[in-house]
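In case you want the letters, here they are:
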Amino acid sequence: MSATSNQKDAGVLIRLAYQGMCELNIDADAVIERCGISKDQLYDSQLRTSHAGQILFWQSAQEVSQDADIGLHLGEHMPFIKGQVLEYLFFSSPSFGDGLQRMLNYQRLLSDAVQFKLSTSGDQTYLTFHFPEATRHLLECSCVVLKNFLHTVSEGAFQPSLVHFVHQGNTNNSDYQRILGCEALFGQEENRIYFNHSALAYRSLHTQPELLDFHEKIASQQMANLELQDLIGKVQEKIAGLLESGEVNVESVAEQLEITPRNLRGQLTEAGTSF
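Residues numbered from 1 in each chain as written. Predicted model: local features only at pLDDT ≥ 70, side-chain atom pairs only at ≥ 80, totals over all residues. Heavy atoms only, no water.

Asker: Help me understand a nonpolar patch on the surface in this model?
Answerer: On the surface, L243, V248 and F275 cluster together into a nonpolar patch covering about 260 Å² of accessible area. Structurally, the position occupied by L243 is in the loop between α10 (212-242) and α11 (250-257). (Patch = residues over 30% accessible without salt bridge, like charges linked within 9 Å, V, L, I, M, F, W, Y side chains within 5 Å. Areas by Shrake-Rupley, 256 points an atom, 1.4 Å probe, with all protein chains shown as cover. Salt bridge = Lys/Arg side-chain N within 4 Å of Asp/Glu carboxyl O. Helix = DSSP H or I, 4+ residues; strand = E, 2+ residues; numbered from the N terminus.)

Now the structure itself:
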């Protein structure tokens with residue numbers, strides 16, 4: 001089983017996509033049903049969807065919408081990420097740069113697959129974003145959503161000056177300039193959003209630093225919960241591999257995971273399940 005097949009995306013992403021499709025008058029129910037997701041599942045606060053399903057999602061979204069640039073346009077109409085701990089971390093950090101670094105520390109809360117990296121070149125800083133085996137639609141949608149999110153939490157201080165995409169795009173499409181607010185270059189080495197370095201120092205008048213410890217505690221707990229879910233997935237994988245031999249017991253699985261049976265039982269109990 002590949003690492004990619006085990007990677008999950010936070011449920012908030014499919015919920016935002018669903019709302020964006022409704023805003024565009026796309027049959028959102030038809031799209032998610034093709035992906036094996038029911039509307040009722042969207043209300044599950046613990047929902048995480050398989051990242052490998054992104055390919056099917058974007059194929060379905062393009063077919064149902066008949067929009068060759070559905071990623072770009074859906075990103076424009078997806079609502080702001082509200083009520084997530086990553087948003088609160090920005091508003092309790094002393095500066096936008098501090099909040100951005102905390103977002104990078106807890107990026108897994110959005111997706112197991114996404115990889116962010118912050119770099120500086122002269123007076124320009126750029127945020128690299130990468131997904132394994134990403135489609136053009138996913139990259140463009142993610143870029144727009146990320147740009148809108150950072151622009152909002154920085155109260156307008158974050159403004160992209162240039163965007164790089166690794167894929168080939170339609171350079172004659174004026175929607176890129178309109179939606180991204182800057183020039184987009186295609187066929188580049190990495191996916192990057194460039195912005196002025198001075199934005200990192202921006203301090204909001206509404207910052208609540210007294211809540212930072214509280215928000216970081218919540219983020220850390222959510223990360224710990226994901227690690228427990230990882231353990232469940234690994235145990236299930238090991239059990240499946242041992243079924244052929246018939247030697248499926250807590251001792252054999254614990255040995256393969258290189259932990260003690262007692263430790264394995266304790267971690268599974270903490271995850272709310274048992275061997």
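Don't stop here, the text continues.
Asker: Honestly, the side chain of D112 in this entry has me stumped. Any pointers?
Answerer: Position of D112 among the secondary structure elements: in the loop between α7 (96-105) and β3 (115-121). One polar contact links the side chain of D112 to the main-chain amide nitrogen of K8, over a distance of 2.8 Å. Polar contacts involving the side chain of D112 include one to the side chain of R108, which spans 2.6 Å. (Polar contact = N/O pair within 3.5 Å; in protein donor to acceptor, adjacent residues only side chain to side chain.)

Asker: I tried to follow the sheet that holds strand β4 (residues 124-130) on my own but got confused; where do I start?
Answerer: Working definition: the strands of a sheet are paired by backbone hydrogen bonds and lie parallel or antiparallel to each other. Read across the open sheet, the five strands follow the order β3-β4-β7-β5-β6; overall the sheet is mixed. Since the sheet does not close on itself, it has two edges, and those belong to β3 and β6 (183-185), each with one partner. On average, each strand axis in the sheet is inclined to that of its neighbour by 20 degrees, with strand direction left out of account. Here β4 runs beside strand β7 (residues 192-196); their pairing, made up of five bridges, is antiparallel. (Pairing = 2+ DSSP bridges. Axes fitted to C-alpha atoms, helices over the stretch in contact; angles between N-to-C directions.)

Asker: Even after reading the chapter, I still don't get helix α4 (residues 54-65), so can you show me in this structure?
Answerer: Think of an α-helix as turning once every 3.6 residues; residues three or four places apart then point the same way. With twelve residues, α4 should reach 16 Å at 1.5 Å per residue; the first-to-last C-alpha distance of 16 Å fits that figure. In this structure, the buried residues of α4 make contact with β1 (8-10), α2 (11-23), α3 (28-34), β2 (48-50), α5 (70-77) and α8 (136-153). Downstream of α4 by one or two residues, Q66 has phi in the positive range, about 60 degrees. (Expected span 1.5 Å × (residues − 1). Contact = heavy atoms within 4.5 Å.)

Asker: Before we go on, may I ask you to explain the pattern of salt bridges in this structure?
Answerer: A side chain with one charge can pair with a side chain of the opposite charge if their charged atoms come near. A full pass over the atoms with the stated rule returns ten salt bridges. The closest approach of N and O atoms between E190 and R192, which form a salt bridge, is 2.8 Å. Judged by relative accessible area, E190 falls into the partly exposed class, the value being 21%. The exposure class assigned to R192 is buried, which follows from its relative accessible area of 15%. Connected through salt bridges with shared partners, the residues R48, R108 and D112 form a single ionic network. (Buried < 20%, exposed > 50% of the residue type's maximum accessible area, 1.4 Å probe, protein only.)

Asker: It is not clear to me how the pairing of β3 should be interpreted in this structure. Could you clarify?
Answerer: Remember that side chains alternate between the two faces of the sheet whenever the strand is regular. By the bridge criterion, seven bridges tie β3 to β4 in an arrangement that is antiparallel. The partner of F116 across the bridge, within β4, is F129. Linking β3 back to β4 in an antiparallel pair, the connection comprises two residues, with G122 at a positive phi of about 65 degrees.

Asker: Got a minute to help me understand the packing of α7 against α8 in this structure?
Answerer: The description of two packed helices rests on the angle between their axes and on the distance between the axes. It is at 11 Å that the axes of α7 and α8 come closest, and there the two elements cross at 140 degrees. Taken together, the axes of α7 and α8 are oblique relative to one another. With respect to the hand of their crossing, α7 and α8 are arranged in right-handed fashion. Contact with α7, carried on its side by F96, L100 and M103, involves L146, F149, L150 and V153 of α8 and no other residues of that element. A breakdown of the residues in the contact of α7 with α8 according to their chemical character gives seven nonpolar, no polar and no charged. (Parallel < 35°, antiparallel > 145°, perpendicular 65-115°, else oblique. Left-handed = near helix turned anticlockwise from the far one by under 90°. Nonpolar A, V, L, I, M, F, W, Y, C, P; charged D, E, K, R; others polar.)

Asker: What am I meant to see in the packing of aromatic side chains here?
Answerer: What describes a pair of aromatic rings is the distance from one ring centre to the other and the angle between the planes of the rings. According to the stated counting rule, one finds nine aromatic pairs in the structure shown. Seen in terms of ring centroids, F57 and W58 are 4.9 Å apart; in terms of plane orientation they differ by 85 degrees. Their pairing is edge-to-face. Given a relative accessible area of 6%, F57 falls into the buried group. Centre to centre, the rings of F165 and F186 are 5.7 Å apart; their planes meet at 20 degrees, and the pair counts as stacked. Linking F165 in the loop between β5 (160-164) and α9 (175-180) with F186 in the loop between β6 and β7, this pair joins segments that are 21 residues apart in sequence. (Phe/Tyr/Trp six-rings, centres within 6.5 Å; stacked < 30°, edge-to-face > 60°.)

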